[in-house]
Amino acid sequence: MTNKKRPKVYITRKLPDAVETRMRELFDAELNIDDTPRTRDELVDAMQRADVLVPTVTDRIDSSLIEAAGPQMKLIASFSNGIDHIDIEAATRKGITVTNTPNVLTEDTADMTMALILAVPRRLAEGARILTDRKGEWAGWSPTWMLGRRIAGKRIGIIGMGRIGTAVARRAKAFGLSIHYHNRKRVHPDTEEKLEATYWDSLDQMLARVDIVSVNCPSTPATYHLLSARRLALLQPTSYIVNTARGGIIDEAALVKCLKEGKIAGAGLDVFENEPAVNPKLVKLAGEGKVVLLPHMSSATLESRIDMGDKVVINIRTFIDGHRPPDRVLPNRM
Ligand code: DGY
C-alpha cells in the first residue's frame with residue numbers, strides 16, 4: 001500500500017451517503033457523486049493509481065484491465081454479491097485479492113423472487129396497468145375476467161440451493177408450494193426435511209415435472225445458458241420461469257421463442273443477458289402480459305446497500321491491517 005493508514009480507494013458508483021461518509025473517514029476515498037458509470041479509460045487510470053478498487057456489477061473488470069493495474073493495486077473490494085463481472089483468475093495471477101458482499105442481500109432478493117413468482121401467474125403487472133392506462137376507469141368485477149393461475153399446491157423447482165435459493169424455498173413453502181431443487185450438492189438433510197424438499201440430481205428430469213422454475217444459481221462458465229433451448233423445451237406449457245440471478249443463465253432468445261409459441265406460460269425476469277439493454281421482444285411480451293420485467297432491482301433496499309457498504313469497509317480495513325478479509329473470493333469458487 002502506498003499509505004498504510006489512508007489507502008487510496010476508488011469507488012466506481014455512487015453509494016448511500018452513510019457508506020460514503022464512512023469511507024471518507026477511514027480512507028483516501030475517491031467517490032462518484034453524480035453516479036456516471038466510469039469509462040474503460042477511467043478504470044484503467046484508477047487501476048494505475050489507487051490501492052483499492054470498489055467496483056459494482058456494472059463494471060467489467062476483465063483480464064486486460066487487471067493486467068493494466070500498477071503494482072500499488074492490491075485489492076478489488078467489490079460492492080456486490082455476484083462476482084461474474086471480475087476475472088478472479090487474472091486477479092489472483094496478478095496478486096490482487098478480491099472480495100464481495102455475500103449474505104446481506106439474501107432476504108431482499110428472495111422477497112423479490114417471491115414477488116415475481118406471484119406476479120406472473122396472478123397477472124399483477126397487467127392488472128395494475130389496466131387501472132393506470134385507463135386512468136382509474138374500468139367496467140368493474142366480473143367472474144371470468146383477469147383470471148390467473150393458483151400458486152398453492154403447485155411445484156417449484158429451484159435451480160441453485162445456496163443462501164438465496166434456500167430463502168426462496170422457505171417463502172415458497174409458506175405459500176403452499178412443494179419444493180423441488182437441483183444443486184451441485186445435495187443440501188443438509190435437516191434443511192431438506194424442514195423444507196420437505198425433493199432433490200433432483202438431473203436438472204432435465206426436474207424441469208419436466210415442476211410448475212414454476214426459479215433460477216438462483218451463480219453465473220459461472222458452467223451455468224452459462226444452463227436453461228438452453230433444449231432444456232426449455234422440457235418444460236410444461238403451463239409452467240413459469242423466474243430469474244433473479246443473472247441473465248446469461250437462460251438462453252434469452254430461446255426463452256422468447258418458447259413464450260411466443262406458448263411452450264411456456266410466462267416469465268418474471270429481474271436480470272437480462274445484455275444488461276442494461278433489454279431485448280425488445282421481451283418488452284413486447286410484457287405488453288401482452290406474458291412476462292413481468294424488472295430492472296435488476298431484487299436486492300435494491302436501502303438496508304441491503306448499507307449492509308453491502310459495511311462489508312466493503314470491513315473487507316478493506318481487515319486487508320489493510322494485514323489480515324485475510326472475511327469475504328475473500330478464491331478462484332476455485334468459480
Ligand atoms: C449483486 O450484488 O450481485 C446483485 O446482483 C445486485 O443486485
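Here the residue numbering is sequential within each chain, running from 1 through the sequence in written order. Whole-chain, interface and lining totals are the exception, using all residues; otherwise, since this is a predicted model, local features are given only for residues with pLDDT of at least 70 and side-chain atom pairs are given and counted only at 80 or more. Neither water nor hydrogens contribute to the side-chain values; these are computed over all heavy atoms in the structure.

Draft legend 1. Region of the structure containing the overall build of the protein. Under the scheme used here, helices are H or I runs from DSSP no shorter than 4 residues and strands are E runs no shorter than 2 residues, and both carry numbers assigned from the N terminus. Secondary structure summary: the protein contains 13 helices and twelve strands in total. Values of the radius of gyration come from C-alpha atoms, whereas the globule rule sets the reference at 2.2 Å times the count of residues to the power 0.38. Compactness check: the protein gives a C-alpha radius of gyration of 22 Å against a globular reference of 20 Å for 334 residues, within 12% of the reference. Taking the principal axes of the C-alpha coordinates as reference, the protein spans close to 70 × 50 × 30 Å. Think of it in three bands: residues with accessible area under 20% of the maximum for their type are buried, residues over 50% are exposed, and the middle band is partly exposed, with areas taken using a 1.4 Å probe on protein chains only. Burial analysis of the protein (334 residues in total) assigns 49% to the buried set. Pairs at least 24 apart in sequence give 62% of the contacts found in the protein among residues at least 6 apart. We count Lys and Arg on the positive side and Asp and Glu on the negative side, and we leave His and both chain ends out. The location of each charge is read from NZ of Lys, CZ of Arg, CG of Asp or CD of Glu. Between the mean site of the 48 positive side-chain charges and the mean site of the 42 negative ones, the protein shows a separation of 4 Å. We call two residues in contact whenever any of their non-hydrogen atoms come within 4.5 Å of each other.

Draft legend 2. Representation of the site of the ligand within the structure. Here a residue is near a molecule or strand as soon as one of its heavy atoms is found within 4 Å of it. In the region of the ligand, the neighbouring residues are V57, S80, N81, G82, L105, R246, H296, S299 and M308. In the analysis that follows, any N or O atom pair within 3.5 Å is treated as a polar contact, provided that within protein one partner can donate a hydrogen and the other can accept it, and provided that, for residues neighboring in sequence, both atoms belong to side chains. Separating an oxygen atom of the ligand from a backbone N or O atom of N81 is a distance of 2.8 Å. At 2.7 Å from an oxygen atom of the ligand is found a side-chain nitrogen or oxygen belonging to S299. Starting from 240 Å² of accessible surface for the ligand in isolation, the protein chains cover 90%. Considered class by class, the residues forming the shell around the ligand number three nonpolar, five polar and one charged. For accessible areas, the Shrake-Rupley method is used with a probe of radius 1.4 Å. Any residue's cover is judged against the shown protein chains and nothing else. Three classes are used: nonpolar for Ala, Val, Leu, Ile, Met, Phe, Trp, Tyr, Cys and Pro, charged for Asp, Glu, Lys and Arg, and polar for all others, with Gly counted as polar.

Draft legend 3. Quick look at the domain arrangement of the protein. As assigned here, the protein comprises domain 1 (8-104 + 302-333) and domain 2 (106-293). Opposite the nine residues of domain 1 that make contact, domain 2 presents seven residues. Note on terms: buried area is the combined drop in 1.4 Å-probe accessible area of two parts once they are placed together, counting the loss on both. For the pair domain 1 and domain 2, the summed buried surface comes to about 630 Å²; carbon and sulfur atoms form 32% of the total. The term salt bridge refers to a pairing of a side-chain nitrogen on Lys or Arg with a carboxyl oxygen on Asp or Glu at a separation within 4 Å. Where domain 1 packs against domain 2, one counts one salt bridge. Boundaries between domains were set according to an automatic or database domain assignment.

Draft legend 4. View of the pairing of strand β11 (residues 266-269). Residues G266 and G268 point to one face of β11 and A267 and L269 to the other, with burial holding for every one of them. Strand pairing is assigned whenever DSSP detects at least two bridges linking the two strands. Examined bridge by bridge, strand β10 (residues 240-243) and β11 share four bridges and lie parallel to one another. Of the residues in β11, the one forming a bridge with Y240 is G266. In this view, the connection linking β10 to its parallel neighbour β11 by way of helix α11 (residues 252-260) has right-handed handedness. Relative to strand β12 (residues 291-293), β11 runs parallel, the two being bridged by three bridges. By the bridge assignment for β12, L269 is matched with L293. With strands facing away from the observer, any crossover in which the path from the first strand over the helix to the second runs clockwise is taken as right-handed. Each parallel crossover has a hand, and for β11 linked through helix α12 (residues 280-287) to β12 it is right-handed.

Draft legend 5. Fine view of the environment of G309. For G309, the location among the structural elements is in helix α13 (residues 302-320). With 30 residues separating them along the chain, G309 and N279 place their C-alpha atoms 31 Å apart.

Draft legend 6. Here's a closer look at unusual backbone geometry. Going from E275 to P276, the amide bond is cis rather than trans, its omega being 5°. By the secondary structure assignment, P276 is in the loop between β11 and α12. Of note in the backbone geometry, N103 takes a positive phi value of approximately 75° without being a glycine. Of note in this structure, M146 is not a glycine but carries a positive phi near 60°. For M146, the position within the fold is in the loop between α6 (124-133) and β6 (155-159). For M146, a relative accessible area of 22% translates into the label partly exposed.

Draft legend 7. Focus on the nonpolar core. Remark: nonpolar core denotes a set of buried residues (Ala, Val, Leu, Ile, Met, Phe, Trp, Tyr, Cys) joined through side-chain atoms within 4.5 Å. In terms of nonpolar packing, the biggest core is built from 30 residues, with I159, L227, L232, I241 and L255 touching the most fellow members. Sorting the residues of this core by element identifies α9 (203-207), β9 (212-215), α11, β11 and α12 as the ones contributing at least two each. Looking at this core, the element that brings in the most residues is α11, giving five residues. Not counting residues up to four positions away in its chain, the partners in contact with I159 are H182, L203, M206, L207, V213, S214, V215, N216, C217, L226 and L227. Among the nonpolar cores identified, the runner-up in size contains 26 residues, and M114, I151, L195 and L294 belong to it.

Draft legend 8. Representation of the packing of helix α1 (residues 17-26) against α13. Only the stretch in contact is used when fitting a helix axis, every axis being a line fitted to C-alpha atoms; angles between N-to-C directions are given from 0 to 180 degrees. Two elements in contact, α1 and α13, have axes separated by 9 Å at closest approach and are oriented at 15°. Put simply, α1 runs roughly parallel to α13. For the pair α1 and α13, the sense of crossing is right-handed. Seen from α1, the contacting residues are V19, R22, M23 and L26; seen from α13, they are R305, I306, G309, V312, V313 and R317. Here roughly perpendicular refers to angles of 65 to 115 degrees, roughly parallel to angles under 35, roughly antiparallel to angles over 145, and oblique to all remaining angles. Crossing handedness follows the turn of the near helix against the far one: under a right angle anticlockwise gives a left-handed crossing, and clockwise gives a right-handed one.

Draft legend 9. How the structure looks around the sheet that holds strand β3 (residues 52-54). The five strands lie next to each other as β2-β1-β3-β4-β5, forming an open sheet whose pairing is parallel. This sheet does not close on itself; its edge strands, each paired only once, are β2 (28-30) and β5 (97-99). Mean inter-strand twist for the sheet, computed between neighbouring axes without regard to direction, equals 15°. Judged from the two bridges that link them, β3 and strand β4 (residues 75-77) form a sheet pairing that is parallel. Its bridge partner lying in β4, L53 is registered against I76.

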